[in-house]
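Understanding the architecture of this molecule
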Amino acid sequence: MAEDTEWQPKIVMFCCNWCSYGGADSAGMGRFQQPPTVRVIRVMCSGRMDPVFILNAFLEGADGVIFSGCHIGDCHYVSGNYKATIKYKFLKAMVNELGLEDERLKLDWISASEGERYANVVKEFTEQIKKVGPSPLKPEGVV
Amino acid sequence: MEIGDCYIGWATDEEIRSKGASGGLVTAMLAAALEKELVEAVVVLKKLGEFEAIPIVTSDPEEVKAAAGSMHSVPIVLSRYLEYGTKVALPAKPCDARATIEQAKRQQVNLDTTYIIGLNCGGTMHPAVTRKMLETIYKLDPEEIAGEEIDKGKLIFETKDGKEHAIKIDELEEEGYGRRESCQYCAINIPRMADLACGNWGVIGDLAGKGTFVEVNTEKGIEILQNAIDSGAVEITPADEKGKAIREKVDSAMQKVAASAHAKYLAPIEGSHLDYYMNTLSDCINCGACKTVCPVCACGEAAKCTDFYSQALGYKMSLFHLVRFVHLMDSCIGCGQCTDVCPVDIPLTHLYRRFAEPLQEEFDYTPGVDMRTPPFFGVDLIED
Amino acid sequence: MDENIFTTVCPGCSMACGMYIREKEDGTIDIDWRKDAVVNAGKLCRFGVRLPHNLKPATSMVDGNEADLADAVAAAGTAIGDGAVFVSVGNTTCEEHLALMKLAESKNAVVNTGMGAFSRIPSECHPTMGVGIPFDAIESAKKIVLFIDPYEQYPLLVRRILAAKKNGAEVTAVGWKAVSLADENKVIGPDQYEAELVLDSDSVIIADLNPSSDPEQVMVLLNLAKKSGAAIIFMKPFVNAVGCDLASKHTEQKSFDQIIEEIDSGEIKTLVCLDTDLIEIMPDETAVREALKKLDNLIVITSRESTITDVANIVVATEPLYRKAGTVVNAEGRLLVGSGTGTDGIDAIGTMIGQPVDLFSELHAAVLATVGIDSVDERVIPAYEKPEYAVMEASPTAEAVETALVYAYNPFLWNGIIDDNDFVEMNLDMVLANSLLKGIPVKLTSDRGDVMVGFKVSDVAPGVVLSNAKLPVTTGMVTSVTVSR
């Protein structure tokens, strides 16, 4: 493995079981290149978004957090992703007011067949986080 | 009697009329509601000292009558003392009324069996501040105080020798005394969300000091007022237009004052927001009092803010506080109880308001004024 | 719906914060905030807020069986003879303590408050060690030196110190763990105090006095105050330690270490404890338990169920502090009285003396007379004479250990309650040096054995493991340990 001296952000990505996790699989099967920065956590639905998850991720040392679900209208549980959009408004506003850079939290919709899109989302988000640097909430000793 | 009607009312019992705040209407209504078994219990503040009172839930009309009179130095929210299912009435400042409605949304209170007798409120004071203010600014011994009143922007104390000592509230607040900070910028003075809204604004002429202005807001409001009239405890007369106009004027004036206090206490944070929040919260000793007294919280022991938080975690910020900030964004009513009980004097109310206000504005949602579901639980059926 | 509401003080420490206890019909309690209380403006620390979860009423027992209060009192009366030793650390009212003193007197004994330091230090110093200074005075100090961690030990002091800082005060903390509100944190030995801590008559020293305090250390602090003119307040971990000390009128006493030793050697056969749980108070629990087994009679008169009530021969259950009639004197020397009217505790002791009636009025009058006042007013601190004392010879010996396990004293620890604080703290260097892993408990080994406990990284002095709860590997105030995965 190549020695990488450049700082690699730690990104936590919550993927809904039906679309986005499938998208992650497709990205792998399609061999689309992505940086190794993302730690995926599978949830059944993007509607499972909970402030505790996102805040805990940041407090544990995540530099960025993405929540990804099915496209609007395609939610496996019909309205879960609508609920996610509301909760996301709360979380985005909170994280901004708190003083964390806006770039660190993202909500996206990735379907199971969108392997390339998945990889691109990961790539772009990683670049974004590299620009803002390590999270100010990182505990001491976490890189 | 119809919803929207405005009256001036007073207790027919002369003792209650003079002891109660401006005519004793509220006391008389509460006592009559108990006596006629409209309710099983009433929540009142039992006076323990000039600046001390404790909420009690009583079935004894005599205890209700003994609690007559307003106590501006007792900043308590009564919603915590309500039990689900008990037919109960309570005197409620706007924060008490709003908290009760929020508790109803969370199935902690049944509004059908809860009669909320709203009280106009311009703000309360912390007793420790009141005492210091009396000694330092009024140059009075707190033990000599026999009564207090807020009238035309002045805080008036009556001493045992019968003398009155009045100072303008904004002068007191310039010196750092006066009302609690959260009260200073609270813009909801008339409790229109309660079953009735009572107060002394708009009571003019002969009835000034001897009558209470009451606006009827709901069917339950009609019920409890009519019950008091039918039992002979209370008399009413329609409020005239002049009184109504004066009431509106006072409310507007107070809202203007609140707006400038808002600009003072919730001015935009200079510099790093994160530093501000981290520093402000750095002294927290994890007592949990803020959560326990929060009148809109209903989780009890098993709450997300505490279940996943432990002192052993050693994070840069407390997960407890961050989760509470999110949860209260739509529900914080700005009552200030959290700040009152914080043992390390963190101005928590200001922090919660900073997160809550922009969000409540965005959703055009005001907690505690109606039974609208808090937006956090909403389903936004948007087009992609 | 029906509640009895008591105005009372929190039993957590010598601040004696004002609060309300709301007692329901089924006996369960809720706390409420008494915003007009002069000591704390109603505010409470975690111990006070969590009181309903931790306060368990005592049950009268005789030889391991539940008994009537009257039977337990009778049994105790018979068991307490000449040669009995009495302890009362200050967890109950002055009046109950005085009652115990009367009982002790009738057996030619005294009541030991456990503050062994008093007996080893000249008596002119005792008033200064007893009553402290008004908390308001902390707010107007120009310099404050902390020999305590206010966040852990006496949290309601934090806001006083913060107010002092707003008034321009400079705060220095001397201890094992950095205190975040301090302008400077020092890890220095007693021989460096004078040089490093520049104090004057506008300064305040805040320290702690408890049964395990080293008298030499206390003398060093007294010297520091004397030489600089600084005011000094010794906070205590028991709500009425100051009151009981005043009531005792500084009679010659034994330290708890001495008492445990004498029980162990067989010299003491009967021990009477008044709201004093030696197992919870002493650092080496195991040694205390072993010693207590050697007693013929362990009699515990107490208002709450605790570790010692499980092993006592006789338990005389009295009403909880909030129900008691009587006074408490806090660290400021302020007399405080609640709305309780219960005299179960006093009547029980009265019966043992042979004076079961009217003992309370007599004792209450004695308290007022001792302090020199006519009635109790929470807003007035009586005047106390604090004689001048001379600088003393004092040389605390610090045990040289490589890695020391010490306690972060807090009210939960003193009361044997495991709160959300069952972890140890150490600095990052120690964690890295021992290759400890996050989230996995650390192993601490001493002569007593080993224990696995969770850990947290904090700004702790090198070579120190700070524990927030008592660990079975403890051997004393300082335990030599090794740290491993």
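The structure presented is a predicted model; accordingly, all values stated were derived computationally and were not measured.

1. With respect to the sheet that holds strand S19 (residues 423-426) of chain C
All names here are of chain C. Taken in spatial order, the seven strands of this open sheet run S23-S18-S22-S19-S21-S20-S24, and their pairing is mixed. Whereas interior strands pair on both sides, the edge strands pair on one side only; in this sheet they are strand S23 (479-480) and strand S24 (482-484). Sheet analysis places S19 next to strand S22 (residues 464-467), joined by two bridges and oriented antiparallel. Looking across to S22, one finds that Glu425 is bridged to Leu466.

2. Let's talk about the sheet that holds strand S11 (residues 203-208) of chain C
Residues and elements named next belong to chain C. Ordered by their spatial adjacency, five strands build an open sheet running S10-S9-S8-S11-S12, and the pairing between neighbours is parallel. Bordering the open sheet on either side are strand S10 (184-186) and strand S12 (231-235), each of which pairs with just one other strand. Here the average twist between neighbouring strands, direction ignored, is 20°. For strand S9 (residues 170-174) and S10, the ladder comprises three bridges, and the chain directions are parallel. Pairing of Thr172 across the sheet is with Glu184, part of S10. Across the face of the sheet, helix H9 (residues 158-166) comes into contact with strand S8 (143-146), S9 and S11 while running at roughly 150° to S8.

3. Side note on the interface of chain B and chain C
Each partner contributes to the interface: chain B provides 41 residues, whereas chain C provides 32 residues. Both sides of the chain B and chain C interface together cover about 3000 Å² of buried area, and 51% of this is carbon and sulfur. Taken together, the connections running from chain B to chain C amount to seven salt bridges. Where Arg159 of chain C meets Asp345 of chain B, a salt bridge forms, and the shortest distance between an N and an O atom there is 3.2 Å. Scanning the region where chain B abuts chain C turns up 20 residue pairs in polar contact (both at pLDDT 80 or more). Mapped by element, the contributors of at least two residues to the side of chain B that touches chain C are strand S2 (41-49), strand S3 (52-58), helix H5 (127-138), helix H11 (289-293) and helix H14 (337-341) of chain B. A per-element tally of the side of chain B that touches chain C places S3 of chain B first, with six residues. Residues belonging to the side of chain B that touches chain C are distributed by class as follows: 21 nonpolar, 11 polar and nine charged.

Cut-offs and rules
Residues numbered from 1 in each chain as written. Chains lettered and ligands numbered in written order. Predicted model: local features only at pLDDT ≥ 70, side-chain atom pairs only at ≥ 80, totals over all residues. Heavy atoms only, no water. Pairing = 2+ DSSP bridges. Helix = DSSP H or I, 4+ residues; strand = E, 2+ residues; numbered from the N terminus. Axes fitted to C-alpha atoms, helices over the stretch in contact; angles between N-to-C directions. Contact = heavy atoms within 4.5 Å. Buried area = accessible area lost by both parts, 1.4 Å probe. Salt bridge = Lys/Arg side-chain N within 4 Å of Asp/Glu carboxyl O. Polar contact = N/O pair within 3.5 Å; in protein donor to acceptor, adjacent residues only side chain to side chain. Nonpolar A, V, L, I, M, F, W, Y, C, P; charged D, E, K, R; others polar.

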